[in-house]
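The lines below spell out each chain.
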Amino acid sequence: MFDFDATLPLMALQFLLLAAVLNVIFYKPLTKVLDDRDNYIRTNNLEARERLAKAERLTKEYEQQLAEARRQSQNVIAQAQTEAQKITAEKIAEAQKEAQAQREQVAQEIEQQKQEALSSLEQQVDAFSRQILEKLLGPSLVK
């Protein structure tokens, strides 16, 4: 069946020599390229995860800062509104006091003018009464 002459060991030697040459020329550079590529992918993947984690931390930090800024701005707005209401109430009270003072002053002036008008009318009534009496009774009897 099989003839074991010098070709079988020669073929085995050729196969081993081919395997050694392929290993040196093809498989080692190919495995080196594959290992380098695997390392590159791993390092990029780790860097990407680190960057993603950092981005998430920064996002949370910025969201917290934004929330704090919103709370502070709402507090400032509330304080400003309170102060504005206080100032408005003071201005309204001051204006009401001024209006009341003006009303009282005008009422006093009106009362004074009324008294002056009444006294003037009384004098005129007295003068007219004397004139009427003089005409009715005569000038010598009225005094």
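Residues numbered from 1 in each chain as written. Predicted model: local features only at pLDDT ≥ 70, side-chain atom pairs only at ≥ 80, totals over all residues. Heavy atoms only, no water.

As annotated in an unreviewed UniProt entry, the protein chain is ATP synthase subunit b' from Fischerella major NIES-592. What UniProt states about the protein chain under its Sequence similarities (unreviewed entry) heading is, verbatim, "Belongs to the ATPase B chain family." (UniProt positions renumbered as here; feature names shortened; annotations may be inferred.)

With that settled, consider the overall build of the protein chain. Each helix and strand counted, the protein chain has 1 helix and 0 strands in total. The C-alpha atoms of the protein chain give a radius of gyration of 59 Å, which is well past the 15 Å a tight globule of 143 residues would have. Counting the 143 residues in the protein chain, one finds 1% classified as buried. For the protein chain, the accessible surface area stands at approximately 13600 Å², while carbon and sulfur atoms represent 60% of it. (Helix = DSSP H or I, 4+ residues; strand = E, 2+ residues; numbered from the N terminus. Rg over C-alpha atoms; globule rule 2.2 N^0.38 Å. Buried < 20%, exposed > 50% of the residue type's maximum accessible area, 1.4 Å probe, protein only. Areas by Shrake-Rupley, 256 points an atom, 1.4 Å probe, with all protein chains shown as cover.)

Our focus in this paragraph is helix H1 (residues 7-137). Its 131 residues place the ends of H1 185 Å apart at the C-alpha level, agreeing with the 195 Å of an ideal helix rising 1.5 Å per residue. Its maximal kink placed at asparagine 23, H1 deviates by approximately 45°. Phi turns positive, to about 110°, at glycine 138, one or two residues after H1. (Expected span 1.5 Å × (residues − 1). Bend = angle between axes of the 7 residues up to and from the residue.)

The next point concerns the environment of serine 119. Inspection of the secondary structure assignment puts serine 119 in helix H1. The exposure class assigned to serine 119 is partly exposed, which follows from its relative accessible area of 35%. With 89 residues separating them in the primary sequence, serine 119 and leucine 30 have C-alpha atoms 129 Å apart. Among the polar contacts made by the side chain of serine 119, one reaches the main-chain carbonyl oxygen of glutamate 116 at a distance of 2.9 Å. (Polar contact = N/O pair within 3.5 Å; in protein donor to acceptor, adjacent residues only side chain to side chain.)

Okay, a nonpolar patch on the surface next. Taken together, Leu17, Leu18, Val21, Leu22, Val24, Ile25, Phe26, Tyr27, Leu30 and Leu34 make up a surface patch of nonpolar side chains, about 940 Å² in accessible area. Assignment of secondary structure puts leucine 17 in helix H1. (Patch = residues over 30% accessible without salt bridge, like charges linked within 9 Å, V, L, I, M, F, W, Y side chains within 5 Å. Salt bridge = Lys/Arg side-chain N within 4 Å of Asp/Glu carboxyl O.)

With that out of the way, let us pick up the packing of aromatic side chains. Per the counting criterion, the structure on display carries 1 aromatic pair. Taking 5.3 Å as the distance between ring centres and 65° as the angle between the ring planes, the aromatic pair formed by phenylalanine 26 and tyrosine 27 counts as edge-to-face. (Phe/Tyr/Trp six-rings, centres within 6.5 Å; stacked < 30°, edge-to-face > 60°.)

Moving on to the UniProt feature "transmembrane region" (unreviewed entry) in the protein chain. The UniProt record marks residues 6-27 with the feature "transmembrane region" (unreviewed entry), using the residue numbering of this structure. Taken as a whole, residues 6-27 contains 95% helix and 0% strand, while its terminal C-alpha atoms sit 30 Å from one another.

Once that is clear, we can look at the UniProt feature "coiled-coil region" (unreviewed entry) in the protein chain. Summarizing the sequence annotation, UniProt attributes the feature "coiled-coil region" (unreviewed entry) to residues 45-131 in the numbering used throughout. The span residues 45-131 carries 100% helix and 0% strand; its end-to-end C-alpha distance comes to 125 Å.

This brings us to the pattern of salt bridges. One pass over the structure, following the stated rule, counts 4 salt bridges. The residue arginine 51 makes a salt bridge to glutamate 47 at a minimum N-O spacing of 4.0 Å. Placement of the pair is arginine 51 and glutamate 47 together in helix H1, with a separation of 4 residues, close to one helical turn. The closest approach of N and O atoms between glutamate 68 and arginine 71, which form a salt bridge, is 2.7 Å. Of this pair, glutamate 68 and arginine 71 are both found in helix H1, 3 residues apart, which corresponds to roughly one turn of the helix.

Let us look at the environment of alanine 55. Positionally, alanine 55 belongs in helix H1. Given the relative accessible area of 36%, alanine 55 is considered partly exposed.

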